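For reference, the chains in residue letters:
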Amino acid sequence: QVQLVESGGGLVQPGGSLRLSCAASGFIFSIYAMKWYRQAPGKGRELVAYITTTNSTDYADSVKGRFTISRDNAKNTVSLEMNSLKPEDTAVYYCNVWRNVDYWGKGTLVTVSS
């Protein structure tokens, strides 16, 4: 079955960096687009970054120029490099793949605070 396991979250000061990873299994990773979403306290889930099978990427306006999504098809992983973090980036970050239905990991918490 499809499994997505996120890691790399934590507490970081404003202006700092974190790298999130998502380990995928249970499907042919290389033929699916992958996404990172986030959900801040009291808010809905929003799409943060998207990478296609050909490594085309797109980002939410709020993270453009600060976040970078990448994938490693040999390791079945998708990563999110986050720089210049702001308090408003505080959220649970989720890895996602759509295979007729949405599959989600359990998420990893990122807290940006001094």
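That block above? That's the structure.
Residues numbered from 1 in each chain as written. Predicted model: local features only at pLDDT ≥ 70, side-chain atom pairs only at ≥ 80, totals over all residues. Heavy atoms only, no water.

Student: Account for the state of the cysteines, with residues named and values stated.
Tutor: Evaluated as defined, the whole model comprises one disulfide. In this model C22 forms its disulfide with C95; the gap between the sulfur atoms is 2.2 Å. Between C22 and C95, the disulfide has an S-S torsion of -80° and is therefore left-handed. One end of the pair, C22, is in strand β3 (residues 18-25); the other, C95, is in strand β9 (residues 91-98), and 73 residues separate them in sequence. For C22, a relative accessible area of 0% puts it in the buried group. (Disulfide = S-S within 2.5 Å. Helix = DSSP H or I, 4+ residues; strand = E, 2+ residues; numbered from the N terminus. Buried < 20%, exposed > 50% of the residue type's maximum accessible area, 1.4 Å probe, protein only.)

Student: How would you explain the nonpolar core if you had to name every residue and give the values?
Tutor: Of all hydrophobic cores here, the largest spans 30 residues; its most connected members are L80 and Y93. Those elements that provide at least two residues to this core are β3, β4 (34-39), β5 (45-51), β7 (67-72), β8 (77-82), β9 and β11 (108-112). Setting aside chain neighbours within four positions, we find Y93 in contact with E6, L20, W36, Y37, R38, V48, F67, L80, M82, G107, T108 and V110. (Core = buried A, V, L, I, M, F, W, Y, C linked by side-chain atoms within 4.5 Å. Contact = heavy atoms within 4.5 Å.)

Student: Summarise the sheet that holds strand β1 (residues 3-7); cite the residues concerned and give the values.
Tutor: Taken in spatial order, the four strands of this open sheet run β1-β3-β8-β7, and their pairing is antiparallel. The two strands at the open ends of the sheet, each matched to only one other strand, are β1 and β7. Averaged over all pairs of adjacent strands, the angle between their axes in this sheet comes to 15°, without regard to strand direction. Examined bridge by bridge, β7 and β8 share six bridges and lie antiparallel to one another. In the sheet register, T68 faces β8, and the bridge partner there is E81. (Pairing = 2+ DSSP bridges. Axes fitted to C-alpha atoms, helices over the stretch in contact; angles between N-to-C directions.)

Student: Could you give an account of the packing of aromatic side chains, naming the residues involved and the relevant values?
Tutor: Evaluation of the coordinates by the stated rule reveals four aromatic pairs. On the numbers, 5.7 Å between centres and 75° between planes, the contact of F27 with Y32 is edge-to-face. F27 sits in the buried class, given a relative accessible area of 10%. With a relative accessible area of 22%, Y32 lands in the partly exposed category. (Phe/Tyr/Trp six-rings, centres within 6.5 Å; stacked < 30°, edge-to-face > 60°.)

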